[in-house]
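These are the residues of each chain, in order.
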There are 2 protein chains.
Amino acid sequence: MAKERVTVVDIARAAGVSKSTVSLVLQGSRLVNEVTRAKVNASIRELGYVYNRSAANLRQAKSKIIGIVVNDLTNGFFAELAVGVDAVVQSAGFVQFLANTGERIERQREVIASMREHGVSGLIVSPARGTQAADLAPLVASGIPVVLVVRDIAGAGVSSLTSDNHAGAVAAVRHLVERGHRRIAFLGGFADTAVFEARMRGYRDALGEAGLDVPEELVIGSAPSRAGGVTAIEQAMMLKERPTAALCFNDAVAFGVCDGLRARRLEPGADFAVIGFDDVIEAKTAVPALTTVSVDPQGMGERAAELLLKQIGAGQADAQAIVSPVRLVVRQSCGAPIEHRVKEVSP
Amino acid sequence: MAKERVTVVDIARAAGVSKSTVSLVLQGSRLVNEVTRAKVNASIRELGYVYNRSAANLRQAKSKIIGIVVNDLTNGFFAELAVGVDAVVQSAGFVQFLANTGERIERQREVIASMREHGVSGLIVSPARGTQAADLAPLVASGIPVVLVVRDIAGAGVSSLTSDNHAGAVAAVRHLVERGHRRIAFLGGFADTAVFEARMRGYRDALGEAGLDVPEELVIGSAPSRAGGVTAIEQAMMLKERPTAALCFNDAVAFGVCDGLRARRLEPGADFAVIGFDDVIEAKTAVPALTTVSVDPQGMGERAAELLLKQIGAGQADAQAIVSPVRLVVRQSCGAPIEHRVKEVSP
DNA sequence: GGAGTAATTTAGATCGTTCCAAAAGACAAG
DNA sequence: CTTGTCTTTTGGAACGATCTAAATTACTCC
């Protein structure tokens with residue numbers, strides 16, 4: 001039962017060639033004759049050979065592995081991001097190491113170290129909350145290409161791919177203002193992240209532009225989750241002057257806000273306008289369909305992967321910060337007419 | 001900038017010992033003297049040494065990598081499963097290769113092959129729909145420990161960890177019957193999976209046990225997603241004799257069913273009883289909170305990982321099929337009283 | 001048939017670690 | 001001072017691929 005490992009030497013013997021030739025066949029070199037190649041491939045199949053990447057890797061120091069580190073995989077946004085990365089990376093012949101940090105910096109340090117030991121040729125990181133440039137310094141110093149995604153870190157000196165959070169928030173708030181809202185809340189999210197800061201700034205700027213002032217009590221932080229949304233809206237509705245609309249930190253919060261509204265017998269969309277951020281898959285099929293700022297997580301994952309692969313290919317490219325555009329997708333949760341909702345559900 | 005790689009030999013030189021000693025220190029052997037160990041560790045830190053697992057791996061043929069293959073990462077259930085696996089696997093000093101097949105068997109074949117090339121010491125697989133025992137045969141023959149999770153495959157000859165889908169469905173339907181429902185639908189899911197088959201059988205058995213017959217038109221399949229749930233309930237409500245309650249294939253479908261009910265101005269829980277399956281995190285915080293059969297995906301991931309690690313440790317254990325128990329969690333969507341809903345939201 | 005060129009093939013060193021067997025040192029007992 | 005027992009340390013051969021430079025074979029054209 002304990003089968004001996006089949007190696008290139010075994011195949012070489014079986015096919016009557018040298019191991020060098022087998023190696024050439026394995027890497028698809030065009031140097032080798034058609035008949036020889038066929039013979040070798042036949043032996044490979046026959047003996048059930050499994051390529052040993054550790055060995056190859058040892059010799060050539062480039063591994064066909066890329067690592068992806070996300071801060072919270074149970075959040076649909078990041079899961080989709082990972083799927084986008086996976087798609088691109090796989091079709092380029094790479095395989096991905098995925099690790100979840102659960103927002104723990106210590107864990108993040110561990111997984112990054114582990115990935116370096118495995119010789120990843122590049123790393124896509126959505127950093128845990130509170131990650132400092134110093135935390136990434138050893139990684140960056142090693143010269144491994146790194147792309148930060150979603151959350152940028154000032155002074156880290158690596159490429160980043162973020163979404164235009166400021167513009168998205170501005171667009172959302174403008175839309176609410178156009179629909180006549182005057183008391184607009186900003187709900188959910190942790191205030192210590194760059195993403196929160198940017199969205200919040202967009203919210204303030206758009207209100208200022210409309211000549212509205214920004215009452216502090218209308219900015220209510222919470223966990224960026226569905227449960228957090230429920231508590232945030234509860235708090236908002238206890239104010240003496242209640243808001244009539246809210247821009248939410250992300251879609252999860254927005255769903256929570258809808259839940260909280262229903263709990264008070266208010267209908268999201270009709271009685272209170274809700275706008276989310278991210279456009280996760282569920283946003284479209286929820287009832288009411290969620291108006292949200294589309295960030296296209298899967299697309300972001302794909303672009304991040306492409307950027308990383310380019311850097312891996314180019315050896316050493318200098319860091320670039322890409323801000324990908326977003327667009328407001330108007331659906332029903334902000335008060336748009338409701339008649340054709342079911343039609344919008346994809347088949 | 002192009003730094004030379006630091007190897008054990010460099011450290012040996014710096015610390016004034018042989019590379020064998022350095023190697024012993026690296027593996028934490030107790031054979032080496034305390035002072036020597038300290039000297040070596042100092043040099044390691046000083047030179048910024050990074051362990052090369054490919055090299056180690058080449059020599060000792062056991063890799064500290066386990067692979068996890070899931071069929072749909074964008075589904076919260078599987079993302080949570082992956083997180084559970086990750087937690088256990090990491091703390092055992094392993095790292096996980098995660099790949100998403102998106103229910104494509106061809107892709108599944110590719111990623112499994114790729115994982116074997118990387119020398120994973122074990123594999124946790126939630127197989128894509130339609131996977132046959134034959135698809136896994138080469139993998140199984142190689143002797144790598146494999147644990148199938150969520151979906152078992154008859155005749156594959158490997159261990160599996162599934163949930164007690166039959167018992168869960170029975171409990172759910174019994175509950176609905178006790179609450180007085182007589183026309184109970186089974187909504188969503190693809191009929192060609194073992195999971196569907198088991199839940200469905202539980203549904204039928206419980207109805208039979210209550211002396212109710214099972215009208216074919218009340219079993220309505222659909223994609224196991226939120227969108228699928230919307231279409232399934234639409235279809236159910238077009239019947240001449242409408243159901244008053246439904247057991248859904250999973251939570252995503254159940255949420256879709258709630259959406260679809262609202263679209264018809266029916267309140268889930270009050271006007272129609274809905275029960276889901278899986279108990280994803282959102283089930284608790286949704287409004288109305290979803291009554292569902294708790295499967296605890298994260299816990300399943302953890303148990304699957306533990307089972308796999310045990311098999312890796314034991315060399316060759318024989319296949320065992322573990323069915324993990326489930327329990328019905330009664331919340332509001334099946335018509336329970338509604339007053340304390342907000343209290344149940346976790347802080 | 002031989003020179004020149006192009007197409008294939010190959011021996012052998014090499015990558016960075018672990019393992020084995022054996023050597024070296026330390027110490028106690030005779 | 002030898003011998004024996006422990007504790008530490010070590011050289012050198014693996015592991016399974018790739019790479020380099022050189023060797024071999026095949027072909028073309030006088």
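Each value, and the rule that gives it
- Residues numbered from 1 in each chain as written.
- Chains lettered and ligands numbered in written order.
- Predicted model: local features only at pLDDT ≥ 70, side-chain atom pairs only at ≥ 80, totals over all residues.
- Heavy atoms only, no water.
- Helix = DSSP H or I, 4+ residues; strand = E, 2+ residues; numbered from the N terminus.
- Expected span 1.5 Å × (residues − 1).
- Buried < 20%, exposed > 50% of the residue type's maximum accessible area, 1.4 Å probe, protein only.
- Contact = heavy atoms within 4.5 Å.
- Near = heavy atom within 4 Å.
- Polar contact = N/O pair within 3.5 Å; in protein donor to acceptor, adjacent residues only side chain to side chain.
- Phe/Tyr/Trp six-rings, centres within 6.5 Å; stacked < 30°, edge-to-face > 60°.
- Least-squares fit on C-alpha atoms with pLDDT ≥ 70 in both.
- Core = buried A, V, L, I, M, F, W, Y, C linked by side-chain atoms within 4.5 Å.
- Pairing = 2+ DSSP bridges.
- Right-handed = clockwise from strand over helix to strand, strands pointing away.
- Buried area = accessible area lost by both parts, 1.4 Å probe.
- Salt bridge = Lys/Arg side-chain N within 4 Å of Asp/Glu carboxyl O.
- Axes fitted to C-alpha atoms, helices over the stretch in contact; angles between N-to-C directions.
- Parallel < 35°, antiparallel > 145°, perpendicular 65-115°, else oblique.
- Domains from an automatic or database assignment.

### Some remarks on helix α9 (residues 194–209) of chain B
All names here are of chain B.
- In this model α9 runs 22 Å from its N-terminal to its C-terminal C-alpha over 16 residues, within 8% of the 22 Å that 1.5 Å per residue would give.
- Within α9, the full set of buried residues consists of Val195, Phe196, Ala198, Arg199, Met200, Gly202, Tyr203, Ala206 and Leu207.
- The elements touched by buried residues of α9 are β5 (159–163), α8 (165–178), β6 (184–187), β7 (219–220), β8 (245–248) and β9 (273–278).
- Positive backbone phi, at 75°, marks Gly211, one or two positions downstream of α9.

### Focus: the protein's contact with DNA strand D
- Not every one of the 27 residues close to DNA strand D is listed here, only the nearest: Val8, Ser23, Tyr49 and Arg59 of chain A together with Thr36 of chain B.
- In the model, a phosphate oxygen of DNA strand D is placed 3.5 Å from a nitrogen or oxygen of the Gln27 of chain A side chain.
- In the model, a phosphate oxygen of DNA strand D is placed 2.7 Å from a nitrogen or oxygen of the Thr21 of chain B side chain.
- When residues of the surface near DNA strand D are traced back to their parent elements, those giving at least two are α2 (19–26) and α4 (53–60) of chain A together with α2 (19–26) and α4 (53–60) of chain B.
- Tallying contributions element by element places α4 of chain A first for the surface near DNA strand D, with 5 residues.

### What about the packing of aromatic side chains?
Residues and elements named next belong to chain B.
- All chains considered together, the criterion is met by 9 aromatic pairs over all chains.
- Judged by centre distance (5.2 Å) and plane angle (85°), the rings of Phe77 and Phe78 are edge-to-face. Each member of the pair, Phe77 as well as Phe78, is classed as buried.
- Each ring, one from Phe196 and one from Phe249, has its centre 6.0 Å from the other, and the planes form 35°; the classification is tilted. Here Phe196 is found in helix α9, whereas its partner Phe249 is found in the loop between β8 and α11 (251–263), with 53 residues between them in sequence.

### With respect to the relation of the copies chain B and chain A
- The transformation that overlays chain B on chain A combines an axial shift of 0.0 Å with a rotation of 180°, and the residual RMSD is 0.1 Å. The relationship between the two copies is best expressed as a two-fold rotation axis.
- When the interface residues of chain B are mapped onto chain A, 98% of them again fall at the interface, so both copies present the same face.

### Quick word on the nonpolar core
- Ranked by internal contacts, the top residues of the largest apolar core, which has 150 residues, are Ile124 and Tyr203 of chain A together with Ile124 and Tyr203 of chain B.
- One finds Val69 and Ile144 of chain A together with Val120 and Leu139 of chain B within the second-largest nonpolar core, a separate group that totals 38 residues.

### As for the pairing of strand β2 (residues 95–100) of chain A
All names here are of chain A.
- Most of β2 is tucked away, with 6 of its 6 residues classed as buried.
- Along β2, one buried face is formed by Val95, Phe97 and Ala99 and the opposite face, lined by Gln96, Leu98 and Asn100, is buried too.
- One ladder, built from 6 bridges, connects strand β1 (residues 65–70) with β2; its direction is parallel. Counterpart to Val69 in the pairing with β2 is Ala99.
- For the handedness criterion, the β-α-β arrangement of β1, helix α5 (residues 76–91) and β2 is classed as right-handed.

### Quick word on the protein's contact with DNA strand C
- Looking at DNA strand C, there are 27 residues lining it, with Thr36 of chain A together with Val8, Ser23, Tyr49 and Arg59 of chain B nearest.
- Backbone atoms, meaning sugar and phosphate, make up 63% of the atoms of DNA strand C lying within 4 Å of the protein.
- Within the contact set of DNA strand C, a phosphate oxygen lies 2.4 Å away from a side-chain nitrogen or oxygen of Ser23 of chain B.
- Between DNA strand C and the protein, one listed contact pairs a base nitrogen with a backbone N or O atom of Ala55 of chain B at 3.4 Å.

### What to know about the interface of chain B and chain A
- With 51 residues of chain B at the interface, the matching set in chain A holds 50 residues.
- With both chains or domains summed, chain B and chain A bury close to 4,800 Å², and 60% of this area falls on carbon and sulfur atoms.
- Joining chain B to chain A, the criterion identifies 4 salt bridges.
- We note a salt bridge from Arg107 of chain A to Asp86 of chain B, for which the minimum N-O separation is 3.8 Å.
- Where chain B packs against chain A, one counts 4 residue pairs in polar contact (both at pLDDT 80 or more).
- Of all the secondary-structure elements, those providing two or more residues to the side of chain B that touches chain A are α4, α5 (76–91), β2 (95–100), α6 (105–117), α10 (226–236), α11, α12 (282–285) and α14 (341–344) of chain B.

### Quick look at the packing of α2 of chain B against helix α3 (residues 34–47) of chain B
All names here are of chain B.
- Following both chains from N to C, one finds α2 and α3 inclined at 90°, their axes separated by 10 Å at the closest point. For the element pair α2 / α3, the angle class is roughly perpendicular. Listed contacts from α3 to Thr21, Val22, Val25 and Leu26 of α2 are Thr36, Arg37, Val40, Asn41 and Ile44.

### Notes on the sheet that holds β8 of chain B
Residue and element names in this part refer to chain B.
- Taken together, the 6 strands give an open sheet; going across it, the order is β7-β6-β8-β9-β10-β12, and neighbouring strands pair in mixed fashion. Single-partner strands in this sheet number two, and they are β7 and β12 (327–329).
- Bridge count between β8 and β9: 3 bridges; the pairing is parallel. Of the residues in β9, the one forming a bridge with Leu247 is Ile275.
- Each of β6, β8, β9, β10 (291–294) and β12 touches α8; the most contacted strand, β9, lies at about 165° to it.

### Examining the side chain of Thr292 of chain B
All names here are of chain B.
- Mapped onto the fold, Thr292 is located in strand β10.
- A residue is classified by how much of its surface remains accessible, and Thr292, at 0% relative accessible area, is buried.
- A polar contact of 2.7 Å, which involves the side chain of Thr292, links it to the side chain of Asp251.
- Only 3.3 Å separates the side chain of Thr292 from the backbone oxygen of Gly276, close enough to count as a polar contact.

### What about helix α11 (residues 251–263) of chain A?
Residues and elements named next belong to chain A.
- If you check α11, its first and last C-alpha atoms are 18 Å apart, about what 13 residues at 1.5 Å a residue would give, namely 18 Å.
- Counting buried positions along α11 yields 11 of 13 residues, so the element is predominantly enclosed.
- For α11, the side-chain oxygen to backbone nitrogen distance between the N-cap and Ala252 is 3.2 Å, and the N-cap itself is Asn250.
- Trailing α11 by a residue or two, Arg265 shows a phi angle of about 60°, which is positive.

### Regarding the pattern of salt bridges
- Evaluated as defined, the whole model comprises 34 salt bridges over all chains.
- Across the pair Asp10 of chain B and Arg13 of chain B runs a salt bridge whose closest N-O atoms are separated by 3.1 Å. Placement of the pair is Asp10 of chain B and Arg13 of chain B together in helix α1 (residues 8–15), with a separation of 3 residues, close to one helical turn.
- Overall, the relative accessible area of 25% leaves Asp10 of chain B in the partly exposed class.
- Taken together, the shared-partner salt bridges connect Arg183, Glu217 and Glu241 of chain A into one network.

### Brief notes about the domain arrangement of chain A
- Partitioning chain A into domains gives domain 1 (8–51), domain 2 (63–163 + 297–325) and domain 3 (165–296 + 329–344).
- Once you take the C-alpha centre of each, domain 1 of chain A and domain 3 of chain A turn out to be 61 Å apart.

### Some points on the sheet that holds strand β10 (residues 291–294) of chain A
All names here are of chain A.
- The 6 strands lie next to each other as β7-β6-β8-β9-β10-β12, forming an open sheet whose pairing is mixed. Because the sheet does not close on itself, it has two edges, and the strands there are β7 (219–220) and β12 (327–329).
- Sheet topology note: the strand β6 (residues 184–187)/strand β8 (residues 245–248) ladder contains 4 bridges and is parallel. If you follow Phe186 over to β8, its bridge partner there is Leu247.
- Against the sheet, helix α9 (residues 194–209) makes contact with β6, β7, β8 and β9 (273–278), and its axis sits at roughly 175° relative to β6, the strand it touches most.

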